[in-house]
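Geometric and topological summary
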Amino acid sequence: MPDALLRVFRGDKDGGQSVDYKVPLAPGMVVLDALHSIQAHQSPDLAVRWNCKAAKCGSCSAEVNGRPRLTCKTRMDSLPLDQPIVVSPLKAFPVIKDLVTDVSWNYKVNRKIPAFKPKPGVEWKMDQRDVDRVQEFRKCIECFLCQNVCHVLRDHGKHESFGGPRFFVRTAGLEMHPLDSVSRIPLLKNEMGLGYCNITKCCTEVCPEEIHITDNAIIPLKERVVDEYYDPVTMLFRKIRGS
Amino acid sequence: MASSPVPNRTTHLGETQRRDAWWLELLPIIILFGGFGIYATARAFEGKFYEWGPYLSPFYSPLLSFSWWRFSPALLILGAPLGFRTTCYYYRKAYYRAFFLDPPACTVGEPGFRKNYSGERRFPFILQNVHRYFLYLAILFLCFLWYDAIRAFVFDGKFGIGLGTLIMLLDVCLLTAYTFSCHSLRHIVGGKLDCFSCATFGVPRHSAWSLVSVLNERHMIFAWASLVSVGATDFYIRMLASGAFKDIRIL
């Protein structure tokens, strides 16, 4: 088998450089295998975050040839090997070391979202039709590729005022839950900045779990915000019904 | 091991590590949208060649004529379909990428001069939130277009089918598919409910929501197909009305 040339970012929050490594290819090899090979044979200090190696833990997110990917799910034979394979850390988050980024901002956003609160005296029984939608959102593995690709965070750096696709998915799962009693619509409009999203669908394109983030989570939430804040007829009906 | 420069983390237009021709996905949008925009504007202002026999151009339907209006009748009505398409969730994605470069493509840098990004939170883009009102207008317009399509089967009081009839029928079918696959409609018919099984008319609303959801998955295809079909229908009728083409009678 021939060798592949990997161009891997090495550095920390103060900067760094891309370093080239030649790695022998093996059948079925994924980018994470190549990074492990570098660790084992060339640079034992190369920092890579990983855990399950089965595309289920969401730890090994990085940018491969400029595309946000799970390195454990990106096969080497799917990449053009006539040029160096560029592996970089997630651009939307600060680098800790090499390919490891500090994603703790996401956990702060998560804490802003009110947890599930059942309606008083609820019967703990749900119709399958009512939970189909929500089950899609539960597939999220929190790899934060959608957060990384979202231009509101990546290019505009709106970390202070925007929640990001991952947390719109989580909020959608709670908002659409048939037994939940809390409204998170004001939170979505104000603190989580749903209006910053201009639905360019990059989050949906990169999701390794193939969650229809834009169509099934973000747009339905935008429509709920319209119900609450921008649709005078719906607002009037709500007022008449006293709800 | 060899070193290469530090990755540049500042954003400027087109900055990316992507290897593919990402700009290729913008070209069809620019050509189709731009071409349609130029053609539709020219036709809207032209004010003639919009009727031939039982055929009426979709740009001029419903045909309104007032003694006080001295310009093209299309200008009275085109705001509704234009507003529906402009605020459409799919087209927003397409034109934010292709015309506003916001972003031009995923993980591709935006123009560096944009410092105060506000998305759809401020004027003018906050107006995208009125999409559902354009949907209501679009459904009303569909009624007129279906009427026109049915009327296109009647030649001098007798049943007949011309090539124009089939073009108008295909056009209205595609427009119906585009309108009924709308994200706002999906929300209104049932998506807004948290509990289908406990709501009034919850079961039929779940069925309606499921049906619109199936159509909604193809919203992009219907958006482009209906855009092309509207332009093509108008073009065919214009050619007939100006005498450049002769209608082919099938029946």
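Everything in this summary refers to the structure shown in the same document. Residue positions are given per chain, counted from 1 along the sequence in the order it is written. All chains are assigned letters beginning at A, and all ligands numbers beginning at 1, according to the order in which they are written. Where totals are concerned, whole chains, interfaces and linings use all residues; where local detail is concerned, this predicted model gives features only for residues with pLDDT of at least 70, and gives and counts side-chain atom pairs only at 80 or more. Computation of side-chain values covers all heavy atoms of the structure but excludes hydrogens and water.

1. Brief notes about the overall build of chain B
Here is the rule we go by: Helical segments are the DSSP runs of H or I of at least four residues, strand segments are the runs of E of at least two, and each set is numbered from the N terminus. For every residue, the accessible area obtained with a 1.4 Å probe (protein chains only) is divided by the maximum for its type, and the residue is called buried under 20%, exposed over 50%, and partly exposed between those limits. By definition in these notes, contact holds between two residues if any of their heavy atoms fall within 4.5 Å. Areas reported as accessible are Shrake-Rupley estimates using a 1.4 Å probe. Residue values count occlusion only from the protein chains shown. Within this scheme the basic residues Lys and Arg register as positive and the acidic residues Asp and Glu register as negative, but His and the chain ends are omitted. A single reference atom marks each charge: NZ on Lys, CZ on Arg, CG on Asp, CD on Glu.
The secondary structure content of chain B amounts to nine helices and five strands. Reading chain B from its N terminus to its C terminus gives the helix and strand order β-α-β-β-α-α-α-α-β-β-α-α-α-α. The principal-axis extents of the C-alpha atoms in chain B amount to approximately 80 × 55 × 40 Å. Split into buried and exposed, the 251 residues of chain B put 47% on the buried side. Partitioning the contacts of chain B with sequence separation of at least 6, the portion at a separation of at least 24 is 69%. Counting only carbon and sulfur atoms, one obtains 70% of the accessible surface of chain B, whose full area is about 12500 Å². For chain B, the distance from the average site of its 24 positive side-chain charges to the average site of its 15 negative ones is 3 Å.

2. Details of the packing of aromatic side chains
So the rule is basically this: Only rings of Phe, Tyr and Trp enter the pairing, Trp through its six-membered ring, and a pair is recorded when the two centres are within 6.5 Å. The plane angle decides the type: under 30 degrees is stacked, over 60 is edge-to-face, the rest tilted. For a lysine, the NZ atom is tested; for an arginine, the CZ atom; a charge sits over a ring if that atom is within 6 Å of the ring centre and within 35 degrees of the ring normal.
Scanning the model with the defined rule gives 34 aromatic pairs over all chains in all. Joined through ring pairs, the aromatic side chains of Phe33(B), Phe84(B), Tyr90(B), Tyr91(B), Tyr95(B), Tyr96(B), Phe99(B), Phe100(B), Phe125(B), Tyr178(B) and Trp224(B) make up one cluster. Taking the ring centre of Trp209(B) as reference, the NZ or CZ of Arg133(A) above it sits at 5.3 Å. In this structure, Arg92(B) packs its charged tip against the face of Tyr89(B), placed 4.2 Å from the ring centre.

3. Regarding the state of the cysteines
Formally: Cysteine sulfur atoms are paired as a disulfide whenever they come within 2.5 Å of each other.
As enumerated under the stated definition, the model contains two disulfides over all chains in all. Residue Cys202(A) pairs covalently with Cys106(B) via a disulfide, S to S 2.1 Å. A torsion of -95 degrees about the S-S bond marks the disulfide between Cys202(A) and Cys106(B) as left-handed. Placement of Cys202(A) in helix α8 (residues 202–206) and of Cys106(B) in the loop between α4 (89–98) and α5 (131–151) is noted, with the two residues assigned to different chains. As far as the burial class goes, Cys202(A) and Cys106(B) line up, both buried. Residue pairing for Cys195(B): its cysteine sulfur links by disulfide to Cys198(B), the two sulfurs lying 1.7 Å apart. Residues Cys195(B) and Cys198(B) share a disulfide whose torsion about the S-S bond is about 90 degrees; that sign makes it right-handed.

4. Some thoughts on the packing of α5(B) against helix α6 (residues 163–180) of chain B
Residues and elements named next belong to chain B. The following threshold applies: Only the stretch in contact is used when fitting a helix axis, every axis being a line fitted to C-alpha atoms; angles between N-to-C directions are given from 0 to 180 degrees. Working definition: roughly parallel below 35 degrees, roughly antiparallel above 145 degrees, roughly perpendicular at 65 to 115 degrees, and oblique for all remaining angles. The handedness criterion is simple: a crossing whose near helix is rotated anticlockwise from the far helix by less than a right angle is left-handed, and one whose near helix is rotated clockwise is right-handed.
At a minimum axis distance of 10 Å, the contact between α5 and α6 shows a crossing angle of 160 degrees. In terms of their interaxial angle, α5 and α6 are classed as roughly antiparallel. Once α5 is placed against α6, the crossing between them reads as left-handed. Touching Leu-135, Ala-138, Ile-139, Leu-142, Leu-145, Trp-146, Asp-148 and Ala-149 of α5 are Met-168, Leu-169, Val-172, Cys-173, Leu-175, Thr-176, Thr-179 and Phe-180, all from α6.

5. A look at the layout of surface pockets
Spelled out, the test is: Cavity means a closed set of points on a 1 Å grid over the protein atoms alone, one where a 1.4 Å probe fits but cannot get out, pocket means an open set with protein on both sides within 12 Å along at least 5 of 7 lines, and lining means a residue has an atom within 4 Å of a point. Grid points are joined across faces, edges and corners, and a volume is the space filled by probe spheres set on the points.
Reported here for the largest pocket is a volume of approximately 850 Å³. What lines the largest pocket is a set of 24 residues, among which Asp227(A), Arg238(A), Arg241(A), Lys192(B) and Asp194(B) lie closest to the centre. Elements supplying a minimum of two residues to the lining of the largest pocket: α9 (213–230) and α10 (232–241) of chain A. In terms of residue count, the dominant contributor to the lining of the largest pocket is α10(A) (five residues). Along the walls of the second largest pocket sit 29 residues, with Phe36(B), Leu78(B), Pro81(B), Leu82(B) and Arg85(B) positioned nearest its centre. Of all the elements in the fold, those that place two or more residues in the lining of the second largest pocket are α1 (27–46), α2 (74–77), α3 (79–86), α5, α6 and α9 (219–241) of chain B.

6. Quick look at the side chain of Arg132(B)
Selection criterion: A 3.5 Å cut-off defines polar contacts: any pair of N or O atoms within that distance qualifies, except that in protein one atom must be a possible hydrogen donor and the other a possible acceptor, and neighbouring residues in sequence count only when both atoms are side-chain atoms.
Inspection of the secondary structure assignment puts Arg132(B) in helix α5. One polar contact links Arg132(B) to Glu223(A), side chain to side chain, over a distance of 2.8 Å.

7. Overview of the side chain of Glu223(A)
Topologically, Glu223(A) is positioned in helix α9. Of note is the side chain of Glu223(A), whose polar atom sits 2.5 Å from the side chain of Tyr89(B). Excluding anything up to four places from it in sequence, Glu223(A) contacts Tyr89(B), Arg132(B), Ser184(B) and His187(B).

8. Description of the packing of α5(B) against helix α7 (residues 183–191) of chain B
All names here are of chain B. Counted only if it meets this: Residue polarity is assigned by list, with Asp, Glu, Lys and Arg as charged and Ala, Val, Leu, Ile, Met, Phe, Trp, Tyr, Cys and Pro as nonpolar; anything else, Gly included, falls into the polar class.
At their nearest, the axes of α5 and α7 sit 9 Å apart, and the two run at 90 degrees to each other. Relative to α7, the element α5 lies roughly perpendicular. Contacts between α5 and α7 pair His-131, Arg-132, Leu-135 and Tyr-136 from the former with Ser-184, Leu-185, His-187 and Ile-188 from the latter. Of the residues assigned to the contact of α5 with α7, the class counts are four nonpolar, three polar and one charged.

9. Concerning the nonpolar core
Quick note on the threshold: Put simply, buried Ala, Val, Leu, Ile, Met, Phe, Trp, Tyr and Cys residues joined by side-chain atoms within 4.5 Å make one nonpolar core. These domain boundaries are the output of an automatic or database domain assignment.
Residues Leu6(A), Val8(A), Leu35(A), Met76(A) and Val87(A) are the most contacted members of the largest nonpolar core, which totals 74 residues. Here this core takes six residues from α9(A), the largest share from any one element. Among the domains, domain 1 (3–101) and domain 2 (104–241) of chain A are the pair contributing at least three residues each to this core. Ranked by size, the runner-up nonpolar core spans 25 residues in total, among them Ile29(B), Tyr91(B), Tyr95(B) and Phe222(B).

10. Re the pattern of salt bridges
We apply this condition: Salt bridges are defined by distance alone: a side-chain nitrogen of Lys or Arg within 4 Å of a carboxyl oxygen of Asp or Glu.
Inspection of every chain in the model, using the stated rule, returns 29 salt bridges over all chains. Where Arg75(A) meets Asp77(A), a salt bridge forms, and the shortest distance between an N and an O atom there is 3.0 Å. Classification of Arg75(A) by relative accessible area gives partly exposed; the value is 40%. On the accessibility criterion, Asp77(A) (53% relative accessible area) is exposed. Taken together, the shared-partner salt bridges connect Arg67(A), Glu205(A), Arg18(B), Asp20(B), Glu25(B) and Arg97(B) into one network.

11. Focus: unusual backbone geometry
The omega angle of the peptide bond from Ser61(B) to Pro62(B) is 0 degrees, so this bond is cis rather than trans. Following the sequence through the fold, Pro62(B) ends up in the loop between β3 (55–56) and α2. The backbone phi angle of Glu210(A) is positive, close to 55 degrees, even though this residue is not glycine. Along the chain, Glu210(A) falls in the loop between α8 and α9. With relative accessibility at 60%, the residue Glu210(A) sits in the exposed group. Its identity is not glycine, yet Phe49(B) carries a phi of approximately 60 degrees, on the positive side. With respect to the secondary-structure elements, Phe49(B) resides in the loop between α1 and β2 (51–52).

These results come straight from atomic positions and should not be treated as a statement about function.
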